[in-house]
Every structure is written in structure tokens, then in C-alpha cells.
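So the chains spell out like this:
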Amino acid sequence: MRPFLISESTADSARERAFLALYDTYADRVYRFCLRLCGGSEADAEDLAQEVFVAAHAGLQRFEGRSSVATWLYRIAVYRWRRLRDSRARQIAAISLDDGPEPASTQNDPARAGLARMSLEGALAGLSPDLREAFLLVKAEGLTYREAAEVLGIPQGTIQSRVHDAVLRLRSALSGDETANEQRKGAAGNAL
Amino acid sequence: MRCDRVRRRLNAFADDELDRLPAARVAGHLAHCPGCAAELAQIRRLGAAAAALWSDAAAPATLRARLAAALWASSDELCGGEDSSEQPSLREFLALLERKGNGE
């Protein structure tokens, strides 16, 4: 099937109309989620959103409606983001092996680290990917724990503990909150 | 209920994810514990800040064009430009989208 130029006038099959409706309904939401995952990088978010919709187009016929359309798109976005992130990490590792020592990281630059601490964006970037995904799905996207668990393919209890841990870490990073630090240490102790 | 037990549940309470009985216990504690109430307020502020992050961003117009180009390219690779017949699952998908659009 020839694809379409994503406009009503050229969408002439059911598949095209379905995809057009899907794009019009979810483009902003998917793009915003991609932007949040990518820490505000518009170029990365656009790349990622494009990958999400290309994958959605390819998978449209296999979509069975067992999850909501939004949950399905979030799942694609997370999966593609992980691939993008891993591929970037491999590129950086290859560059550092080929070209000598890495440039100074944010952690070694007190001025940049200080700036990062002051903003939620910076604090989010400091979270592990697992915590960031869970936190963004629940707190920024407004998914329930059940929906977020469905997106990430993990138990609901794991979502709850990841979001809890993310909140403690973010509060600690944003305010140097000793209480949050103590609770985090306590939680780690209880888990052992 | 002790403060440490309440604080372990505050985030789930803020997310409306506690069952009714534990939620009522937490709410009862919060009514007379300013420390835990302040902690809950902090958690809620953080959630609101996260929801506000890039909340006014919209998909750029260029995304539509880039997507169309990418789909066109992949179609040339995979299908050689031949039309395929409409699948029943697509009609179901359209119906599903309509139902979602109607808030079901």
C-alpha cells in the first residue's frame, strides 16, 4: 500500500484514515512525552516521535485493542527511547575509546552540577532511566499505576516503589532535603 | 498510625492509589500532623511541577512532513508501491478510535 501524505485529501483507505485519526489525536501527547523523556531536547524528541509513529503505522494492523491506544503508543515510545539511549551510549563509548579521554562530565563540573540541581529538568536527568520512566508516566502523563505497569511491562507494586523512590530522589536533589535523604536510606535498608 | 508509616504511603496517597481503608487512615493522621501534611504538600507540588514541564509543547509541523517522508520511503522498500487490500482489523481499529473519541 502506498502511504499517504498525512492529509485528509490524500488519505483514501481505511488504514490511512485510521492512522491519520491516530496521528491527529495523539501527536501532541506523544511529542510531549518524548520531550520529557529526552530532557527537553526538541531535536531528539522529534526524532523519537517520528520513530513512534512509524512503528505505530507498521503495527496498526496488529493492534488488538487490549490496551488503550495511548498506552500502546507510550509503550512504543519507551521501547524506542531505550533503543535510542543505548545506541547513543554505545556511540559515546566508541568515541571515548577511539579519541582518548572523555570530556569533563557534568558531575565533575561544579558550576554545571549546581545549575542542574536547581531545576527539575536537571534533577530528572539525574534519575536512572527506570525511575524516570515510571515517574514521568505517573506524575507528568497522569497514568494510573496499573496503566504505567502495562506500559512498562512490570508489576504494579514495582511502579509504586519506583515512583516513590523517584520522588524521594528528586526532592533530595531539588532541596537537599535531609528528610528525603534519610527516608531513601531507610527504604534501601528495609529492602536489604 | 505513626509518622514513618504514613510517610511511606504519602506518595501513593497523593496519586490516589491507596485502597479506601489505608487512605482513610492516612487522611486521619494528616488531619492532626502538620509535619506529614507539609510533606504531602511537597509531594503534590513536585507532581504539579512535573505535569507542567513542557506541558504547552505541541508536535512541530515538521513532524508531519518528516513522518510522511519516512513512511513513503519505507513503503517503497517493503511494498514496491503495490496496494494491499483493506483488513477487517482496520475497520475495528477505526471503530475503536471513534469509541475512544466519544469518551468510552
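Residues numbered from 1 in each chain as written. Chains lettered and ligands numbered in written order. Predicted model: local features only at pLDDT ≥ 70, side-chain atom pairs only at ≥ 80, totals over all residues. Heavy atoms only, no water.

## Some thoughts on the overall build of chain A
The criterion, for reference: A helix here means a DSSP run of H or I that spans at least four residues, while a strand means a run of E at least two residues long, and both kinds are numbered starting from the N terminus. Think of it in three bands: residues with accessible area under 20% of the maximum for their type are buried, residues over 50% are exposed, and the middle band is partly exposed, with areas taken using a 1.4 Å probe on protein chains only. Note on areas: Shrake-Rupley, 1.4 Å probe, and residue coverage restricted to the protein chains presented here.
Secondary structure assignment for chain A yields 9 helices and 0 strands. Along chain A, helices and strands appear, N-terminal first, in the series α-α-α-α-α-α-α-α-α. Expressed as a percentage of its 192 residues, the buried residues of chain A come to 46%. Here chain A has roughly 9500 Å² of accessible surface; of this, 50% comes from carbon and sulfur atoms.

## Points about the environment of Leu37(A)
All names here are of chain A. Cut-off, in case you're wondering: Throughout, a contact is declared for two residues whenever any of their heavy atoms are within 4.5 Å.
The residue Leu37 is located in helix 1 (residues 14-37) in this model. For Leu37, a relative accessible area of 1% gives the class buried. Residue contacts for Leu37: discarding those within four places in its chain leaves Leu48, Ala77, Trp81, Arg132, Glu133 and Leu136.

## Some details on the pattern of salt bridges
Here is the rule we go by: Salt bridge, as applied in this entry: a Lys or Arg side-chain nitrogen positioned within 4 Å of an Asp or Glu carboxyl oxygen.
Enumeration over the complete set of coordinates arrives at 14 salt bridges over all chains. Residues Glu141(A) and Arg36(A) are paired through a salt bridge, measuring 2.8 Å at the closest nitrogen-oxygen approach. Taken together, the residues Glu141(A) in the loop between helix 6 (129-140) and helix 7 (145-152) and Arg36(A) in helix 1 connect sequence positions 105 residues apart. The exposure class of Arg36(A) is buried, given its relative accessible area of 5%. A salt bridge links Arg66(B) to Asp47(A), with the shortest nitrogen-to-oxygen separation between them at 2.6 Å. Of this pair, Arg66(B) sits in helix 4 (residues 61-79) while Asp47(A) is found in helix 2 (residues 42-59), placing the two residues in two different chains.

## Considerations on the packing of helix 1 (residues 3-14) of chain B against helix 2 (residues 20-30) of chain B
Residues and elements named next belong to chain B. As a reminder, the rule being used: Every angle, taken between N-to-C directions, lies between 0 and 180 degrees, and every axis is a line fitted to C-alpha atoms, over only the stretch in contact when it is a helix. Should the near helix be turned anticlockwise from the far one by less than a right angle, the crossing is termed left-handed; should it be turned clockwise, right-handed. Each residue gets one of three labels, nonpolar for Ala, Val, Leu, Ile, Met, Phe, Trp, Tyr, Cys and Pro, charged for Asp, Glu, Lys and Arg, and polar for the others, Gly among them.
Where helix 1 contacts helix 2, the axes come no closer than 10 Å and their chain directions differ by 115°. Two packed elements cross with a definite hand, and for helix 1 against helix 2 that hand is left-handed. Of helix 2, the residues touching helix 1 (which contributes Cys3, Val6, Arg9, Leu10 and Phe13) are Ala23, Val26, Ala27, His29 and Leu30. Split into classes, the residues belonging to the contact of helix 1 with helix 2 amount to 8 nonpolar, 1 polar and 1 charged.

## Section: the nonpolar core
This is how it is decided: Throughout this description, the term nonpolar core refers to a set of buried Ala, Val, Leu, Ile, Met, Phe, Trp, Tyr and Cys residues connected via side-chain atoms within 4.5 Å.
With 75 residues, the main nonpolar core has Leu22(A), Trp72(A), Leu73(A), Phe135(A) and Ile159(A) as its most contacted residues. Broken down by element, this core gets its largest block of residues, 12 residues, from helix 1 of chain A.

## Some details on the side chain of Glu46(A)
With respect to the helices and strands, Glu46(A) occurs in helix 2. The class for Glu46(A) is buried, based on a relative accessible area of 11%. Not counting residues up to four positions away in its chain, the partners in contact with Glu46(A) are Tyr31(A), Pro60(B), Thr62(B), Leu63(B) and Arg66(B).

## Comments concerning the confidence of the model for chain A
Note: predicted coordinates in regions of low pLDDT should not be interpreted at a detailed level. Short version of the rule: As a per-residue measure, pLDDT tells how confident the predictor is, with possible values from 0 to 100.
On average, residues of chain A score 78 in pLDDT, and 68% of them are at 70 or above. Scored below 50 in pLDDT, residues 1-5 of chain A shows 29 contacts in the model against residues more than four places distant or in partner chains.

## Re helix 6 of chain A
Side chains three or four residues apart in an α-helix point the same way, a direct result of the helix having 3.6 residues per turn. Taking burial as the measure, the 12 residues of helix 6 of chain A include 10 buried ones, the bulk of the element. Once helix 6 of chain A ends, the next one or two residues include Gly142(A), with phi positive near 80°.

## A closer look at helix 3 (residues 34-52) of chain B
All names here are of chain B. Inclusion rule: Multiply 1.5 Å by the residue count of a helix minus one, and that product is the helix's expected span. Directions are taken from the helix axis to each C-beta atom, and the arc is the one they span.
Helix length check: helix 3 (19 residues) gives 27 Å between terminal C-alpha atoms against 27 Å at 1.5 Å per residue, within 8%. Among all positions of helix 3, only Cys36, Glu39, Leu40, Ile43, Leu46, Gly47 and Ala50 are buried. Mapping the buried residues of helix 3 onto a view down its axis gives an arc of 120°, with all of them on the same face. For helix 3, the exposed residues lying more than 90 degrees away from the buried face are Pro34 and Arg45. Residue Trp54 follows helix 3 closely and has a positive phi angle near 55°.

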